[in-house]
Every structure is written in C-alpha cells, then in structure tokens.
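# Residue-level structure breakdown
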Amino acid sequence: MSTDLYGIRVIELAPDQRRVRLRVIVTYYDNEDYNDALLEGDDPSFFLRVLWDQADTGFGGGGPLGEVVSARKICDEDWVDSNTWLFIERYEALASRNVPFTKEDRTNLPTIYSTDGDWFTDEERLVSTDYDVWVTDPRWLAHLSPGQRWTTTAYPTEADRLRAVDAPYLPDPRPPAAEFTVFAVDYDGGDSDETRTASGLAMSPDGRWLAVASGAGELVVYEVPGRKWVERLRQHSGVRAPSVDWLPDRPVVVLQSSGPGAPSWAYDVEARAVVAADADRWLARSADGRYRLITMADGRFAIRDGDGVQRPLAVDRVAAATFTLDGSRVYVATDDTVLTVDPSTCTIAEAVYAGYRRLRSIAVDRSGSYLAACDSNWLTLLRLADGETLMRLRFGWGPVAVDWSSDGRWLMATEISNRGGKTRCFQVGRPATLPDLEAAHQARHGRRR
C-alpha cells in the first residue's frame, strides 16, 4: 500500500477560466528537509496525477479526464511525462503556510491521519501551499467541486512543456523509434571503455546516412531507408576520440581528433573508399561550407568564411557549436551557456540557454527554431524564440552527442562514455491533439447497445 504524501483541497473552481485553486498539504514528514516548497522546479505532471485521482471512472463516478486517461496510463511515468502538456497548461504558486518548518514544529505535530473519510488533525499546523492550476480544457475540471478534498500519492517527474505549435517539430522520445548498441564492450576480450564507446555522431546532409565513431576511431555507418536502420559500413580510421562530420556536397564522412597535430580521416560511403581528408580543421561548419568555426594557432577561436576572412570570436572556451541550416546563425556552447553568434561578423547577439552542468553537444533543427543541448546526464530540448525548456530526457549516466537530420525527420543521440552506451533515434512529429472523448469511452467500455 502506498503512503499518502499530500492532502488536496479544492479552494476555488472557475471552469470558465479553465482554472482551479488547490491547497496542497504536506502529510508525509519522514525526512530531514521540512522547508521544501512542496514542489521543486516547475513540473506540472504532479497536477495531472492529482486531478486524475478523483476523475478515475474505474469504480463509478469520475469525469472526462478519467475517460481519456486510464489507470494504466497514469501509472506509466513515460506516458505522463509525454502527455501532461495536453492537459495542464500551467500552474502558479500563491501563498504558503508554516514555512519555514523546523524539527521542533515536526515534533509538536499531532497525529496525522486520513482514513474512512476522516481528515487531518489540526490541518492549519501543517505545511501547505495554494496553487492556481490552468488546464487546457474545462472538461478536465468537470469532476471537481469547491471544498472537495482527498489524499494523494502523486509526485512530479519530468513532464514535457511544449505547446501544440511545437508538436510537429519535436520527437516523442518515450520510447525511441530505434535503439542499438553500436560498439558492444567485451571485457573478457580485453576491450576498454575508451575503445568501445561512442565518441560522436552525425547525420549526412541528405538524411540518408547516420555515422557513429568510437573512441578508438572505428566508424560505423547506418542507412536510413524509412524507419529501418541498416548497418552498411564498419571501418577503422586510426583517429582516436574523433568528432564526426560530413562534407556538404558529397557522401563523405570526416573524422577529426581534437589532439594537437592529430590526423583527420575521410571516407566516401558510396565509393566505399578512403579519400583525402581536408587539411583544414574545424569545430563546426555551416551546411554549405561557407563558414567554419576554428581554433587558431594561439588557442583562440575564430570564424573563417569562404573568402578566407578570419574573424576572432570573443569566448574563452568552445564546448560545442552548431550552425542553422541556412548558415545565418551559429550557436556556441561555452561550458553551461549557449550563445547566439552572427557568423558574418562574429557578433554575439544573446545567450539563449544557461544549463546547470557543462554542455557536451548541441544541435539546432532544420527550422532554426529548436535546440537540443546535452550535458553529462540530460538531453534538453528548448524553443529558441523564448529560451523555454520544452523537454528533458535523462540519458544514461554518461554524456551524449546529438544531431538532427537536415530533412527534419530524426533526432539522434548517443552516450559517449557509458561502456558501449546506446544510440537512440527519435522520430520527429508528435500528435498535437487528444483523442475524441466518445472514442476513448468506447475503447475502454465497448459500444453500448
């Protein structure tokens, strides 16, 4: 039997505004941190779970929310994280009570109980916060009434926060369309973590090929004919810990090591032959090849254009970089911050993202509207127009490399230091609307005769 964590009371109900005011009362105090503001961060999945508690139609009653969302779905964290945004628009914390809350306050609390219709003893002495919650449709409030109260085991997870306009351009990563281990580690055979883990990946400009390289310089290329991923090539390059890129006008994949004086290596996938590698080195390159972000001889960074003009970039470190498809902007990650840069002038326009950890890889989608950013544990997708974080996906325990396909169909990510790790392929485009209520009812209960 699960332990109730909160008590919920409906303070105010305004269906015409698609809003409900809820009092969330902390009823579980078996920890040392009594000063929690109830809900850390800004994750709305807690409120979908809370509203569903009373909407469930499994035992009679309930409401439209319970018709659309089954018990199986609400218990599936991946489903809740992927779909909360279809039900909860936003929420806002109003007033808190009994904060700060000390150990002495906890010791002096009366017995807390909530069984057989009873409520909490001395509710006014418990930690609580009032929240205004806005839903996407007033139907999701149809089962509520002012004064209604219940207990809940609900908790927040990591819900997506996109809007309907974002849905066609973003993937639903739970689950990925494809997942595979490119470099399986064989410890009995003497493999080390470095030699058999991924170092980087990149999609070809035409969206036909996915290239993944290992820390030991092994290159694997997959063909992408529709939804099926077929390994077409496995070749050793001799380049250690390489980055991966493609030439703009030929099916040639280029591996470059970051070490000083380290070699580059290039392979023509269609000709199935090693070809001469470009002597130039770059950290990022525009799709048409006009601009290249490079490291100069003195260790500083610059952007070189097609005429050979080199303009210094005023940053101390470049962790990763990515150009928009049209080459009009380059996004540069410096540790935990992403800057917008005009490559024609090397002018820094603004910071569009500040994460909490050092970034390892970033990639912008074909529309130039969304950015994927990877730190040591998370793949984060954000909307560039306002910097809003739309999705966060925990990706193993190692850093990831990420890339979008130029045709907008795929987002790929791979672990690069996780004992072989996983490469995951996410198909872009997700439903922006809910299924019809009547259809959902019939699916659960069958057509009435």
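Residues numbered from 1 in each chain as written. Predicted model: local features only at pLDDT ≥ 70, side-chain atom pairs only at ≥ 80, totals over all residues. Heavy atoms only, no water.

Scanning the protein for helices and strands turns up 6 helices and 29 strands. Expressed as a percentage of its 449 residues, the buried residues of the protein come to 50%. Taking as baseline every contact in the protein between residues at least 6 positions apart, the subset at least 24 positions apart corresponds to 55%. When the accessible surface of the protein is totalled, it reaches about 20800 Å², and 46% of it is carbon and sulfur. (Helix = DSSP H or I, 4+ residues; strand = E, 2+ residues; numbered from the N terminus. Buried < 20%, exposed > 50% of the residue type's maximum accessible area, 1.4 Å probe, protein only. Contact = heavy atoms within 4.5 Å. Areas by Shrake-Rupley, 256 points an atom, 1.4 Å probe, with all protein chains shown as cover.)

Another aspect to go through is the nonpolar core. Ranked by size, the top nonpolar core spans 61 residues in total, and within it Leu 22, Phe 47, Leu 65, Phe 87, Leu 379 and Trp 404 carry the most contacts. When residues in this core are grouped by element, the largest group, 7 residues, is from helix α1 (residues 45-55). The next biggest cluster of nonpolar side chains, apart from the first, holds 17 residues, and it includes Phe 183, Met 203, Val 212 and Trp 410. (Core = buried A, V, L, I, M, F, W, Y, C linked by side-chain atoms within 4.5 Å.)

As a further point, take the sheet that holds strand β19 (residues 320-323). What the 4 strands build is an open sheet, ordered β19-β20-β21-β22; its pairing is antiparallel. The sheet is open, and its two edges are formed by β19 and β22 (347-354), each paired on a single side. On average, adjacent strands in this sheet sit at an angle of 25 degrees to one another, irrespective of strand direction. With 6 bridges connecting them, strand β21 (residues 337-342) and β22 associate as antiparallel partners. Note on β22: the bridge partner recorded for Thr 340 is Glu 350. (Pairing = 2+ DSSP bridges. Axes fitted to C-alpha atoms, helices over the stretch in contact; angles between N-to-C directions.)

When you line up the elements, Arg 409 lands in the loop between β27 (400-404) and β28 (410-415). By relative accessible area, Arg 409 is classed as partly exposed at 29%. For the pair Arg 409 and Phe 426, spaced 17 residues apart in the sequence, the C-alpha separation amounts to 8.6 Å.

Our next topic: the sheet that holds strand β23 (residues 361-364). Strand order in this open sheet of 4 strands is β23-β24-β25-β26, and the pairing throughout is antiparallel. Two strands lie at the open edges of the sheet, namely β23 and β26 (389-394), each paired on one side alone. On average, each strand axis in the sheet is inclined to that of its neighbour by 15 degrees, with strand direction left out of account. Looking at chain direction, strand β24 (residues 370-374) and strand β25 (residues 378-383) are connected through 5 bridges and run antiparallel. The residue of β25 that forms the bridge with Tyr 370 is Arg 383.

Burial of α1 is extensive: 9 of the 11 residues sit out of reach of the surface. Every buried residue of α1 is listed here: Ser 45, Phe 46, Phe 47, Leu 48, Arg 49, Val 50, Leu 51, Trp 52 and Ala 55.

Quick look at unusual backbone geometry now. The amide bond that connects Val 99 to the next residue, Pro 100, takes the cis arrangement and shows omega of 5 degrees. In this structure, Pro 175 follows Arg 174 across a cis peptide bond, with omega equal to 0 degrees. Looking at where Pro 175 falls in the secondary structure, it is placed in the loop between β5 (149-152) and β6 (178-180). Even without glycine at this site, Arg 18 takes up a positive phi of about 55 degrees. With respect to the helices, strands and loops of the structure, Arg 18 is situated in the loop between β1 (6-14) and β2 (19-26). Positive phi is not limited to glycine here, since Asn 98 has a value of about 60 degrees.

The subject of this paragraph is the pattern of salt bridges. In total, this model carries 28 salt bridges according to the counting rule given. The closest approach of N and O atoms between Asp 166 and Arg 383, which form a salt bridge, is 2.8 Å. Of the two residues, Asp 166 sits in the loop between β5 and β6 while Arg 383 sits in strand β25, which places them 217 residues apart along the sequence. Residue Asp 166 is classed as buried on the basis of its relative accessible area, which comes to 1%. Bridged by salt links that share partners, the residues Glu 12, Arg 19, Arg 21 and Asp 132 form one connected network. (Salt bridge = Lys/Arg side-chain N within 4 Å of Asp/Glu carboxyl O.)

A few words now on the packing of aromatic side chains. Following the criterion strictly, the structure yields 12 aromatic pairs and no others. Summarising the aromatic geometry, the rings of Trp 229 and Trp 410 are spaced 4.9 Å apart at their centres and angled 75 degrees between planes, so their arrangement reads as edge-to-face. Here Trp 229, found in the loop between β9 (218-223) and β10 (230-236), pairs with Trp 410, found in strand β28; they are 181 residues apart in sequence, far enough to count as distant. For the residue pair Trp 229 and Trp 410, the accessibility class agrees, reading buried in each case. Every member of this aromatic cluster is reached through a ring pair, and the members are Tyr 6, Phe 46, Phe 47, Tyr 91 and Tyr 131. (Phe/Tyr/Trp six-rings, centres within 6.5 Å; stacked < 30°, edge-to-face > 60°.)

In this model, the protein carries an average pLDDT of 85, and 85% of its residues clear a pLDDT of 70 or more. Model confidence for the protein, summarised as mean pLDDT per element, is weakest for helix α6 (residues 437-445) at 58 and strongest for α1 at 96. (pLDDT = per-residue confidence, 0-100.)

Topologically, Trp 140 is positioned in the loop between β4 (128-135) and β5. Distance from Trp 140 to Ile 88, taken between C-alpha atoms, is 9.0 Å for residues 52 residues apart in sequence. Within the local environment of Trp 140, its side chain forms a polar contact with the side chain of Thr 136, the two groups lying 3.1 Å apart. (Polar contact = N/O pair within 3.5 Å; in protein donor to acceptor, adjacent residues only side chain to side chain.)

With respect to the element layout, Ser 199 can be found in strand β7 (residues 198-203). For Ser 199 and Ala 216, which are 17 residues apart along the polypeptide, the C-alpha to C-alpha distance reads 8.4 Å. A polar atom in the side chain of Ser 199 sits 2.7 Å from the backbone oxygen of Pro 242.

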